[in-house]
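# Observations on the three-dimensional arrangement
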There are 2 protein chains.
Amino acid sequence: MKNYLFVLKEGSPKYKQIYEQFKSLIEQGNVKADEQLPSIRQLAESLQVSRNTTLTAYNQLVAEGYIRGEGRKGFFVNPLEPSLYEEPPILPNKKKLEKKSSIRVNFRTDVVDQSHFPLKRWRRIANQILTLPESYRYGEPFGEISLREQIATYLLQSRGVRTDENAIIIGSSTQQILINLGHILQEDYSSIIVEDPGFDGAREAFQFHYFALEYLPVNETGVDLSQLNQMNSGLIYVTPSHHSPYGVSMTIQQRQTLIKWANKIQGYIIEDDYDSEFRYTEQPFPALASIDATRVIYLGNFSKSFLPGLRISYMVLPDPLLTRYKKQFRNFESSTSIFSQLTMAKFMENGEWSRHIKRMRLVYKRKMTFLVSLLKKHFGQKISIIGEQSGLYVLIKLYLRVSEEWLIERAFSNGVSVRPTSIYFIKNHSEHPIIKIGFSGLSFDELEDGVNLLKQAWL
Amino acid sequence: MKNYLFVLKEGSPKYKQIYEQFKSLIEQGNVKADEQLPSIRQLAESLQVSRNTTLTAYNQLVAEGYIRGEGRKGFFVNPLEPSLYEEPPILPNKKKLEKKSSIRVNFRTDVVDQSHFPLKRWRRIANQILTLPESYRYGEPFGEISLREQIATYLLQSRGVRTDENAIIIGSSTQQILINLGHILQEDYSSIIVEDPGFDGAREAFQFHYFALEYLPVNETGVDLSQLNQMNSGLIYVTPSHHSPYGVSMTIQQRQTLIKWANKIQGYIIEDDYDSEFRYTEQPFPALASIDATRVIYLGNFSKSFLPGLRISYMVLPDPLLTRYKKQFRNFESSTSIFSQLTMAKFMENGEWSRHIKRMRLVYKRKMTFLVSLLKKHFGQKISIIGEQSGLYVLIKLYLRVSEEWLIERAFSNGVSVRPTSIYFIKNHSEHPIIKIGFSGLSFDELEDGVNLLKQAWL
């Protein structure tokens, strides 16, 4: 391995200077393809900078495709594709990354289907909204009334939740809403019960306010509510319609038990109903808030059911919390785009959204069925499939003597990107590795290629 | 005054029942125009509900135009316009409110000029952005790279701030950014110095994290930095380019003093550069962050300079804070619309935004000059005008023996809406009432009508 002697100047961040000098060495051919770079620690010591600085520089180089990490083996230089350096950068930057990386099929979970998006109808409404005077002002702090009215109508018709526009608060993401909500709840609560495994983003939002976390075990067959009475907190965050990540739903008995518990101890249930729209085997289960809303804070969003990029989430607050929330945040500007809100409201009012949901339920159901049949065909008894009844992803539990890390890296070097699930687990670990596979953005051909590549990589 | 006997049932919010029963009494003509309603306290006592409940009901009735508050005199029924109750509600609801209210000229401060908005060019880009795969995914947690690159270029060219896309964090509003930033800063600081008078929204965002506030006096001629050394906090929030609300700018000597102070005590300056684009008398003053960025957290946004409804704000963080911020929020979803971000990035890349700023500087300058000349003509020595060198509003200090409340109510009953400034003042009160007048959304004719109506109301 070479020694690199860089001269680091004042006036520009050091990580950037390191990044730029490596970039230039690679582009000029002074460091060859597949050559190994010094480790983060070695480089930090030789340059007398922090490891954070060298790590940031390497991360940037990896992100731009100049080098690659190979786990514990270290960092290596990627082969140059000369043409890339002759073209000006393409906007947006992600395109560049995808071109440089050798991923052929990305089972990403942060995407919706683009090919069935009602582009013309959405554009027509969006273009109208831009002519309204409302579009040139700051909006309502708790969200535009027209959207809140549409959400109230939807919640009654589709989720059985009786509410009105005044009890609905619009925010820009579930986490942003949980940060604001947490500010109100911390007056009465210092801890919260969360599912294990469970949505990591919610846990982080609760930790923003230093809530202590208690863990309620969930397994593939459902939640274990028997432990509820041993817990100290009166606050619980759950995903009852489609558990994140297992995909199971709470039975009606479990729902009633949970509501009884909250009423008895005068606690609150935060019900995150994040993707109830896509259930393939039967009607969606009723929301907790449809059974008894007095102790339920209901959360919903349009990220899965329509477009994540809109950044619209919402919550329905029970009365005492609503009063406190409105008092606390009356002088806060809305964090949600007025255009997203007004366009979505009109789109819902015209019936376009419910038509879109119906159409997409079929599209996603076909993709799910196809993916599951491919997985069964190629992997047989070596895997079990979890959560194929709903949602935009499926879990694969692998009965192989390998680690999650190995599975992800093998897939990656064979041109497939899949997601870990270990980030969701706290104490209630799975005996076998579980991989998350999103299918919403892929075509049938891509699904087929992807599963074939996974088989080559893993078996 | 009548006694009202309402039957309040379980199952629906009490304020709503009170609101609905009054609404129905008014619509059916059982309560006549200009009849006085019971006070909030009386009604709460007779119905045995909290004052908050009756206040909420009345607020809703006022918002919908059924009743009006006349300060200490109480609440009165508005005359009915029968046609309004025959039509279905118009989307969005604000139209309804405006139609019902008798405001002829609204000197609102939460709006930008619609008539000069480059609608076609914006639409063309927005429509292109919707065809990109990026638009169907969740975005980058700290903002889309393409927009951060454009902001970095803008900051260097227009504000003299040297930074790069990695040090820029995109958020959806100044307050949302301050809530996240406050989470990082509260590790080292428990109090913050703010300007008095100063932006109330920033104060509220700091109070979200229970920061104690210390007040630095500002008057019409500028900030008083002599008190800085008696303060305990090492953190300060300032608006140096265009003080909110006085409109004064810090001199270069004051800027240097402030930076020296921050370096000496190893504190941080939060520089909110919210509308530096619109300066009418000379070039904008350089940003604090252009002099020495090591102790400066720079905040900017597009709400004044382009469109508030986009909900894009941003900050530039110095290195140690940047590392902490990225570690804390790496698993948080962006709260800013991807469409807003990608469209704005392309709009900036094409040079459209800087052309728009240049055009709007002239438009707003003409409006400001016209408004100031009208005010001088009609009010002469009875007022002084504060802050006409920049921004989208002006302050009027009135040398009349009346209160701010009287001025606002008199204007309102004469068909003009103007804004208070008392909300910005903590201890450093003004001897005379000061009224805030926004002109950005008004035509020349409306400006003329508005000032005439104000003269009738006030003199």
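Preceding this section is the structure that the text describes.
For the structure given in this document, a descriptive report is provided here. What you see is a predicted model, and the numbers here were worked out from it, not measured in a lab.

### Points about a negative patch on the surface
Together, Asp445(A), Glu446(A), Glu448(A) and Asp449(A) line one region of the surface with negative charge. Tracing the backbone through its elements, the reader meets Asp449(A) in helix H15 (residues 444-458).

### What about the pairing of strand S5 (residues 191-196) of chain B?
Residue and element names in this part refer to chain B. Counting buried positions along S5 yields six of six residues, so the element is predominantly enclosed. The alternating pattern of S5 places Ser191, Ile193 and Glu195 and Ile192, Val194 and Asp196 on opposite faces, both of which are buried. As defined by bridge partners, S5 adjoins strand S6 (residues 212-219) across six bridges and the pair is classed as parallel. Bridge pairing links valine 194 to tyrosine 215 in S6. Bridge count between S5 and strand S8 (residues 235-238): two bridges; the pairing is parallel. The partner of isoleucine 193 across the bridge, within S8, is isoleucine 236.

### Focus: the relation of the copies chain B and chain A
When chain B is fitted to chain A, the residual RMSD is 0.3 Å, and the transformation amounts to a turn of 180° plus an axial shift of 0.2 Å. In short, the pair behaves as if placed about a two-fold rotation axis. Every residue of chain B has its C-alpha some distance from the rotation axis, and the shortest such distance is that of Ser337(B), at 3.3 Å. When you check the interface residues of chain B against chain A, 100% turn up at the interface there too, and the contact is symmetric in its surfaces.

### Focus on the sheet that holds S8(B)
Residue and element names in this part refer to chain B. The eight strands are arranged S4-S11-S10-S9-S8-S5-S6-S7 in an open sheet whose pairing can be described as mixed. Of all strands in the sheet, those with a lone pairing partner are strand S4 (168-171) and strand S7 (222-223), marking the two edges. Against the sheet, helix H7 (residues 174-185) touches S4, S8, strand S9 (268-272), strand S10 (296-301) and strand S11 (313-316), its axis set at about 160° to S10. Contacts between helix H8 (residues 200-208) and the sheet are confined to S5, S6, S8 and S9, with S6 contributing the most and set at about 165° to the helix.

### Some words on the pattern of salt bridges
All names here are of chain B. Using the criterion set out here, one finds 22 salt bridges over all chains in the structure. The salt bridge involving aspartate 113 is made with lysine 367; its shortest N-O contact spans 2.6 Å. In this pair, aspartate 113 is assigned in the loop between strand S3 (105-106) and helix H5 (119-129) and lysine 367 in helix H13 (residues 352-379), connecting sequence segments 254 residues apart. Note on aspartate 113: relative accessible area 4%, which makes it buried.

### So, the nonpolar core
With 256 residues, the main nonpolar core has Phe107(A), Met344(A), Trp458(A), Phe107(B), Met344(B) and Trp458(B) as its most contacted residues. For Phe107(A), the contacting residues outside a window of four places in its chain are Leu371(A), Val416(A), Ser417(A), Val418(A), Arg419(A), Ile437(A), Gly438(A), Leu442(A), Leu447(A), Gly450(A), Val451(A) and Leu454(A). Counting residues in each nonpolar core, the second largest holds 20 residues, with Ile40(B), Leu47(B), Ile67(B) and Phe75(B) among its members.

### Description of the interface of chain B and chain A
Each partner contributes to the interface: chain B provides 76 residues, whereas chain A provides 78 residues. Of the roughly 6,900 Å² buried between chain B and chain A, counting both surfaces, carbon and sulfur atoms make up 56%. Among the residues of chain B in contact with chain A, Tyr136(B), Arg137(B) and Tyr138(B) are the three that bury the most area, contributing 12% of the side total. Summed over the shared surface of chain B and chain A, the result is two salt bridges. Across the pair Arg311(B) and Glu333(A) runs a salt bridge, and its minimum N-O distance is 3.0 Å. Applying the counting criterion to the chain B and chain A interface returns 28 residue pairs in polar contact (both at pLDDT 80 or more). Sort the elements by how many residues they give to the side of chain B that touches chain A and helix H12 (residues 338-349) of chain B lands first, with six residues. Residues belonging to the side of chain B that touches chain A are distributed by class as follows: 28 nonpolar, 27 polar and 21 charged.

Conventions we followed
- Residues numbered from 1 in each chain as written.
- Chains lettered and ligands numbered in written order.
- Predicted model: local features only at pLDDT ≥ 70, side-chain atom pairs only at ≥ 80, totals over all residues.
- Heavy atoms only, no water.
- Patch = residues over 30% accessible without salt bridge, like charges linked within 9 Å, V, L, I, M, F, W, Y side chains within 5 Å.
- Areas by Shrake-Rupley, 256 points an atom, 1.4 Å probe, with all protein chains shown as cover.
- Salt bridge = Lys/Arg side-chain N within 4 Å of Asp/Glu carboxyl O.
- Lys, Arg positive; Asp, Glu negative; His and termini not counted.
- Charge placed at Lys NZ, Arg CZ, Asp CG, Glu CD.
- Helix = DSSP H or I, 4+ residues; strand = E, 2+ residues; numbered from the N terminus.
- Buried < 20%, exposed > 50% of the residue type's maximum accessible area, 1.4 Å probe, protein only.
- Pairing = 2+ DSSP bridges.
- Least-squares fit on C-alpha atoms with pLDDT ≥ 70 in both.
- Contact = heavy atoms within 4.5 Å.
- Axes fitted to C-alpha atoms, helices over the stretch in contact; angles between N-to-C directions.
- Core = buried A, V, L, I, M, F, W, Y, C linked by side-chain atoms within 4.5 Å.
- Buried area = accessible area lost by both parts, 1.4 Å probe.
- Polar contact = N/O pair within 3.5 Å; in protein donor to acceptor, adjacent residues only side chain to side chain.
- Nonpolar A, V, L, I, M, F, W, Y, C, P; charged D, E, K, R; others polar.

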